[in-house]
Amino acid sequence: AAPQPDPAASLARRDATFAQVQEHYFAEPPLIERGWRHHLLDTRAQSYLDMVNNVTQLGHGHPRLVEAVRDQWARLNTNSRFHYDELSRFTERLAAIAPEGLDTVFLVNSGSEAVDLALRLAQTHTGRRTILAVKEAYHGWTVGADAVTSSLGDNPRALGTRPDWVRLVSSPNIFHGAHRGVDSAPAYLAELDADLAELDAAGTGVAGYIAEPVFGNAGGVMLPDGYLAGVYERVRARGGVCIADEVQVGYGRMGHYFWGSEQQGVVPDVITVAKAMGNGQPLGAVITRREIAESFAAEGSFFSSAGGSPVSAVVGLTVLDIMRDERLQENAAVVGDHLADRLRALGERHPLVGAVHGLGLYLGVELVRDRETLEPATEEAHLVCDRLLAEGVIVQPTGDYKNVLKIKPPLCITQESADRFADALDLVLATL
Ligand code: PMP
């Protein structure tokens with residue numbers, strides 16, 4: 001076998017040529033070489049429990065997916081303008097699992113592209129420009145997706161630099177937002193009414209509203225009960241389009257629901273999907289109603305060279321087949337509930353644990369220095385992640401203050417591994 005590269009030397013080579021805009025996992029990241037199910041192996045044969053990899057829905061190295069991709073690559077992969085049956089089968093399948101009435105699918109290659117396209121659908125369908133977006137959200141890096149991204153954890157200047165067509169509204173964060181608790185929807189909706197009254201008075205109207213149906217970027221925080229129903233009613237009363245960004249929280253990860261919007265009891269007009277649907281292969285989709293897609297078609301054409309290519313379509317179909325056959329959504333519900341119980345129990349012994357957010361295998365452990373003031377424990381969160389790495393567990397923080405441990409392992413994780421994570425976190429919290 002070839003000699004293994006030195007991790008530090010490899011990192012220096014990467015830093016010399018790879019754009020240093022986004023920080024990477026850990027100051028001294030292990031040099032990962034291999035993955036299997038919910039485990040990663042570095043070049044020194046150290047194994048890690050992968051608690052954060054929300055793109056690898058099925059688990060790493062799934063043999064059935066590898067076989068399907070190998071076979072499709074060998075037979076055909078091409079520009080998606082050609083006609084091949086894999087595309088028909090994949091769009092049919094997505095329309096069948098999408099929320100009711102969402103019957104038309106656009107295929108792209110990432111979540112950012114999906115969000116960009118969703119915003120354009122809202123604008124062309126309504127003939128208006130203004131998009132409402134919640135603070136503290138992340139929706140992607142392209143010009144459109146970045147415009148509705150205001151997460152301070154990603155861009156500390158975000159609030160002062162949004163383009164004029166974006167109207168930011170209060171972050172509906174039930175833990176540390178302006179209004180707290182699951183019954184805080186009326187307070188957030190009253191604020192929204194004031195925002196809308198201003199837009200009505202200015203005559204700009206509303207093209208659309210975008211939010212994650214569970215607040216993934218904030219660490220899997222559930223929205224207030226009835227919040228999205230109230231928002232959608234108000235936006236639709238003005239002819240606006242309601243977009244649910246399901247890139248992180250949708251596609252079975254919530255365990256008890258396939259789509260995050262189900263938890264809020266709403267049916268969006270447009271949903272964006274990516275990450276999990278490709279299990280790490282670049283795949284994204286926008287799913288909407290036919291009339292909204294037709295308004296967009298009247299404005300021009302849509303084409304993505306590799307969006308929905310034969311290989312991408314086969315990846316997408318095989319991911320859904322494996323999720324069904326291995327009952328991964330059910331596993332997310334069972335193991336996720338167990339893990340949430342274990343983490344909540346840790347909260348009883350470690351004052352740093354301010355809350356455990358989320359559902360299924362989308363959980364967030366919010367670390368605070370004081371349960372009254374909710375002062376974010378940012379440095380502590382980084383320390384916890386570094387010490388967990390030494391224990392062979394990979395976790396990273398998220399949120400405006402990077403103080404929420406995001407817990408989004410592959411959906412194949414076992415209860416034993418979930419327990420191993422909770423035990424390691426218990427041990428590490430005791431060292432702080
Ligand atoms: N929307 C949400 C909610 C996301 O979390 C992300 C990625 N973190 C995106 C969109 C953008 O997806 P991508 O990185 O595939 O462009």
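All figures in this text were calculated on a predicted structure; none of them were measured in a lab. (Residues numbered from 1 in each chain as written. Predicted model: local features only at pLDDT ≥ 70, side-chain atom pairs only at ≥ 80, totals over all residues.)

Trainee: Just checking my understanding: could you explain the overall build of the chain for this structure?
Mentor: Secondary structure summary: the chain contains 13 helices and 15 strands in total. Its C-alpha radius of gyration of 21 Å places the chain within 12% of the 22 Å reference for a compact globule of 432 residues. (Helix = DSSP H or I, 4+ residues; strand = E, 2+ residues; numbered from the N terminus. Rg over C-alpha atoms; globule rule 2.2 N^0.38 Å.)

Trainee: Mind showing me how you'd approach the site of the ligand here?
Mentor: Near the ligand lie 13 residues; those nearest to it are Ser110, Gly111, Ser112, Gly140 and Val247. Sort the elements by how many residues they give to the shell around the ligand and helix 4 (residues 111–126) lands first, with 3 residues. Class assignment of the residues belonging to the shell around the ligand gives a composition of 4 nonpolar, 7 polar and 2 charged. (Near = placed C-beta within 6 Å. Nonpolar A, V, L, I, M, F, W, Y, C, P; charged D, E, K, R; others polar.)

Trainee: In this structure, what is going on with the sheet that holds strand 1 (residues 32–36)? I would like to understand it.
Mentor: Strands belonging to one sheet form pairs held by backbone hydrogen bonds; the direction of such a pair is parallel or antiparallel. Strand order in this open sheet of 4 strands is 1-2-3-13, and the pairing throughout is mixed. Only two strands of the sheet have a single neighbouring strand rather than two, namely strand 1 and strand 13 (393–394). Summarising the sheet, strand 3 (residues 47–50) and strand 13 pair through 2 bridges and their orientation is parallel. Counted as the bridge partner of aspartate 50 is isoleucine 394 from strand 13. (Pairing = 2+ DSSP bridges.)

Trainee: Which parts of the structure should I look at to understand helix 6 (residues 185–202)?
Mentor: Three- or four-residue spacings in an α-helix give side chains the same orientation, since the helix completes a turn every 3.6 residues. For helix 6, spanning 18 residues, the distance from its first C-alpha to its last is 26 Å, which sits close to the expected 26 Å at 1.5 Å a residue. Within helix 6 the residues assigned to the buried category are Ala185, Tyr188, Leu189, Leu192 and Leu196. One side of helix 6 holds all its buried residues, which, seen down the axis, span an arc of 90°. Residues of helix 6 that are exposed and point over 90 degrees away from its buried face: Ala190, Asp193, Ala194, Ala197, Glu198, Ala201 and Ala202. Where helix 6 is buried, its residues meet strand 6 (166–169) and helix 7 (227–237). (Expected span 1.5 Å × (residues − 1). Buried ≥ 20, exposed ≤ 12 C-beta atoms within 10 Å, placed from the backbone. Arc of directions from axis to C-beta. Contact = placed C-beta atoms within 7 Å.)

Trainee: I keep staring at the confidence of the model for the chain and nothing clicks. Help me out?
Mentor: The predicted model of the chain averages 96 in pLDDT, with 99% of residues at 70 or higher. Mean pLDDT across the elements of the chain bottoms out in helix 1 (residues 7–17) (87) and peaks in strand 8 (residues 241–245) (99). The ipTM assigned to the predicted complex is 0.99, against a pTM of 0.97. (pLDDT = per-residue confidence, 0-100.)

Trainee: Is there a simple way to explain helix 10 (residues 310–325) in this structure?
Mentor: Along its 16 residues, helix 10 runs 22 Å from first to last C-alpha, staying within 8% of the 22 Å computed at 1.5 Å per residue. Of the surrounding elements, those touching the buried residues of helix 10 are helix 2 (63–75), helix 3 (85–97) and helix 11 (328–349). Following helix 10 by one or two positions, arginine 327 adopts a phi angle in the positive range, close to 50°.

Trainee: Which parts of the structure should I look at to understand the pairing of strand 11 (residues 353–359)?
Mentor: In regular strands, side chains alternate between the two faces of the sheet. For strand 11, a buried count of 7 out of 7 residues is recorded, marking the element as mostly surrounded by other parts of the structure. Examined bridge by bridge, strand 11 and strand 12 (residues 362–367) share 6 bridges and lie antiparallel to one another. Its bridge partner being in strand 12, glycine 358 is matched across the sheet by leucine 363.

Trainee: Can you walk me through the packing of helix 6 against helix 7 in this structure?
Mentor: The relative placement of two packed helices comes down to the angle between their axes together with the axis-to-axis distance. Between helix 6 and helix 7, the least distance of the axes is 9 Å, while the angle of their chain directions is 20°. Classed by the angle they form, the pair helix 6 and helix 7 counts as roughly parallel. Crossing of helix 6 against helix 7: the hand is right-handed. Every residue of helix 7 that contacts helix 6 at Ala185, Tyr188, Leu189, Leu192 and Leu196 is listed here: Tyr227, Gly230, Val231 and Arg234. Of the residues belonging to the contact of helix 6 with helix 7, the class tally is 7 nonpolar, 1 polar and 1 charged. (Axes fitted to C-alpha atoms, helices over the stretch in contact; angles between N-to-C directions. Parallel < 35°, antiparallel > 145°, perpendicular 65-115°, else oblique. Left-handed = near helix turned anticlockwise from the far one by under 90°.)

Trainee: Quick question: what am I supposed to make of the packing of helix 4 against helix 9 (residues 290–297) here?
Mentor: Between helix 4 and helix 9, the shortest axis-to-axis distance is 8 Å and the interhelical angle comes to 80°. The orientation of helix 4 with respect to helix 9, classified from their angle, is roughly perpendicular. Residues Arg120, Leu121, Thr124 and His125 of helix 4 pack against Ile292, Ser295 and Phe296 of helix 9. Looking at the contact of helix 4 with helix 9 residue by residue, the class counts come to 3 nonpolar, 3 polar and 1 charged.

Trainee: In this structure, what is going on with the domain arrangement of the chain? I would like to understand it.
Mentor: Interface size is commonly expressed as the accessible surface area that is lost when the partners come together. The domain architecture assigned to the chain consists of domain 1 (7–58 + 327–430) and domain 2 (63–325). The straight-line distance from the C-alpha centre of domain 1 to that of domain 2 is 25 Å. Going through the elements one at a time, helix 11, strand 11, strand 12 and strand 15 (404–407) are the ones with two or more residues in the side of domain 1 that touches domain 2. In terms of residue count, helix 11 provides more of the side of domain 1 that touches domain 2 than any other element does, 5 residues in total. Partitioning the side of domain 1 that touches domain 2 into residue classes produces 14 nonpolar, 11 polar and 5 charged. (Domains from an automatic or database assignment.)

Trainee: Where do I start with the pairing of strand 12 in this structure?
Mentor: Buried residues dominate strand 12, accounting for 6 of its 6 residues. Both faces of strand 12 are covered, namely the face carrying Tyr362, Gly364 and Glu366 and the face carrying Leu363, Val365 and Leu367. The antiparallel pairing of strand 11 with strand 12 creates a hairpin that spans 2 residues between the two strands, and glycine 360 there sits at a positive phi of about 60°. Bridging between strand 12 and strand 15 involves 4 bridges; their strand directions are antiparallel. Paired with glycine 364 across the strands is lysine 406, a residue of strand 15.

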